[in-house]
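Now for the letters of each chain:
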Amino acid sequence: MNPTVDALREKFGAAIQRADVVWGETTVVVERTRVAEIVRWLHDDPGQSYVYLSDVTAVENRDVEQPLEVVWHLRSLAFRRFLRLKALLPKGTPLEVPSVFPIFKSADWMERECFDMFGVKFVGHPDLRRLLMWEGYKEGFPLRKDIPLLGRFSRAEQLRQALAANPEARYSKEELSIADAFEDLPQDMRARLRSGEKTGE
Amino acid sequence: MGLTPRPESNVVSYDPKGGEGWVTTRLDFLVNWGRANSLWPMPFGTACCAIEFMASAAAQFDLARFGMERMSFSPRQADVLICAGRVPFKLAPVLRRIWQQMPQPKWAISMGACASTGGMFDNYAVVQGIDTIIPVDVYVPGCPPRPEGLIYGIMMLQEKVKRERAADPSIRHEMEPDPTSQLYIPPSAINELSEPFGNAVHQTRSGL
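Residues numbered from 1 in each chain as written. Chains lettered and ligands numbered in written order. Predicted model: local features only at pLDDT ≥ 70, side-chain atom pairs only at ≥ 80, totals over all residues. Heavy atoms only, no water.

S.K.: How should the overall build of chain A be read in this particular structure?
M.R.: In terms of helices and strands, chain A carries five helices and seven strands. Going residue by residue from the N terminus, the α and β elements of chain A occur as α-β-β-α-β-β-β-β-α-β-α-α. Against the compact-globule benchmark of 17 Å for 201 residues, chain A has a radius of gyration of 21 Å, which places it well outside the compact range. Over its C-alpha atoms, taken along the principal directions, chain A stretches across nearly 65 × 50 × 25 Å. For chain A, with 201 residues in total, the buried portion stands at 44%. For chain A, the exposed surface amounts to about 11300 Å²; the carbon and sulfur share of it is 53%. On chain A, the mean spot of the 30 positive side-chain charges and the mean spot of the 32 negative ones are 2 Å from each other. (Helix = DSSP H or I, 4+ residues; strand = E, 2+ residues; numbered from the N terminus. Rg over C-alpha atoms; globule rule 2.2 N^0.38 Å. Buried < 20%, exposed > 50% of the residue type's maximum accessible area, 1.4 Å probe, protein only. Areas by Shrake-Rupley, 256 points an atom, 1.4 Å probe, with all protein chains shown as cover. Lys, Arg positive; Asp, Glu negative; His and termini not counted. Charge placed at Lys NZ, Arg CZ, Asp CG, Glu CD.)

What follows is the structure, given as structure tokens:
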């Protein structure tokens, strides 16, 4: 058992619901509303120093009674420890957990992917949009158990909708837009753009 | 001042004793011969087939032997689109746009099982064969095809190019789906036909 578990129990008490060890890896089930708080403490406390978030994902079990689980994989480089946090989201409740983006910048795309695939809403994420599927994908959240493997629509409809998408759609609000980033450009490039020089197209 | 009239360049002179040979041929035969032996590929590699494609282009198999010396990484200077790998639905409009950017004459090779049929990826995210998006001339089977397989496909494409006739321009017409065509099946009918089997591989390519 990871010694962090005892420290967590001491610090957060009832918010730590369960802890077990599978194949030498410790899993801690925590109160879902306090995830951000707990991760913040794990990250900041010098005795824990979990400074590396290696994954954010979710699990939906085939048993419909089982809650959907959101999983965080944390690693402490200083103490060479691995900790898996889980938050249980029972069926019928809103799929919402706090975002850990303010603590780990790397959570950005992981949370977006998790939202894209499972529809889990990470409260506090600054830009929670789909990551893998395109904007305007209408068939729901594809890794959920209630979505058939082939998707909800027929092949013909899927293809029609996909081809109707704009291939030049912006998938990143900041990075792909020259117009928005104009002020950040080098001086000479701004001068050239002002004089009417065309970029691309 | 030594000014002499320039020789008339529009007249073909023929001196039987000069040792210069000449042939007569059909123009489209000559054009096709040139086209077939200088196909510039545009690699559209999305998966492991692209690795085999690179192996085909490299020294061991050497696509340069077939006039594919120049890989064209721009669709505007390419003759043949080689789609190597699976194409997800998110990439479908990109692939179609790239095809539309290629100038005529142009051909397409669908390399591997995934590009040809969707392969093992019969799921919500993958296009079931790129011929639902663009017209395909040669399908190369395999998962992935060995370079010999791709080269065989390229030689088949060369055969096809050599058989084109200038008198038959229809082969170069780019056609949009035509609802008045006898072959057109509306999407609703396709949905009905493909039930209860979700895999409509054999249905979606009817002019949609």
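S.K.: I would appreciate a short explanation of the side chain of Gln158(B) in the present structure.
M.R.: On the secondary structure map, Gln158(B) appears in helix 5 (residues 147-162). Once you skip the residues sitting within four places of it in the chain, Gln158(B) turns out to touch Ala36(B), Asn37(B), Leu39(B) and Phe66(B). (Contact = heavy atoms within 4.5 Å.)

S.K.: Got a minute to help me understand the interface of chain B and chain A in this structure?
M.R.: When the parts of a complex come together, some accessible area is lost, and that lost area is often taken as the interface size. Across the contact, 22 residues belong to chain B and 23 residues belong to chain A. Buried surface at the junction of chain B and chain A, summed over both partners, amounts to about 1900 Å²; 69% is from carbon and sulfur atoms. Looking at the side of chain B facing chain A, the largest losses of area belong to Phe89(B), Lys90(B) and Tyr124(B), adding up to 42% of the total buried there. Here chain B is connected to chain A by zero salt bridges. Applying the counting rule to chain B against chain A returns three residue pairs in polar contact (both at pLDDT 80 or more). Looking at the side of chain B that touches chain A, the elements that each hand over two or more residues are helix 3 (92-101) and helix 6 (187-194) of chain B. When residues of the side of chain B that touches chain A are assigned to their parent elements, the largest contribution, five residues, is made by helix 3 of chain B. For the side of chain B that touches chain A, a count of residues per class yields 11 nonpolar, seven polar and four charged. (Buried area = accessible area lost by both parts, 1.4 Å probe. Salt bridge = Lys/Arg side-chain N within 4 Å of Asp/Glu carboxyl O. Polar contact = N/O pair within 3.5 Å; in protein donor to acceptor, adjacent residues only side chain to side chain. Nonpolar A, V, L, I, M, F, W, Y, C, P; charged D, E, K, R; others polar.)

S.K.: Help me out: how do you make sense of the nonpolar core in this one?
M.R.: If you look at the biggest cluster of nonpolar residues, it comprises 64 residues, and the most contacted ones within it are Trp72(A), Leu85(A), Val120(A) and Leu81(B). One finds Leu39(B), Phe53(B), Ile109(B) and Val140(B) within the second-largest nonpolar core, a separate group that totals 23 residues. (Core = buried A, V, L, I, M, F, W, Y, C linked by side-chain atoms within 4.5 Å.)

S.K.: Would you take a moment to explain helix 1 (residues 27-36) of chain B for this structure?
M.R.: Residue pairs spaced three or four apart in an α-helix point in one direction, given the helix's 3.6 residues per turn. Residues and elements named next belong to chain B. Along helix 1, the positions that sit buried rather than exposed are Asp28, Asn32 and Ala36. Take helix 1 and look down its axis: the buried residues cluster within an arc of 65°, on one side only. Away from the buried face of helix 1 by more than 90 degrees, exposed residues Leu27 and Trp33 are located. Taken together, the buried residues of helix 1 touch helix 5. (Arc of directions from axis to C-beta.)

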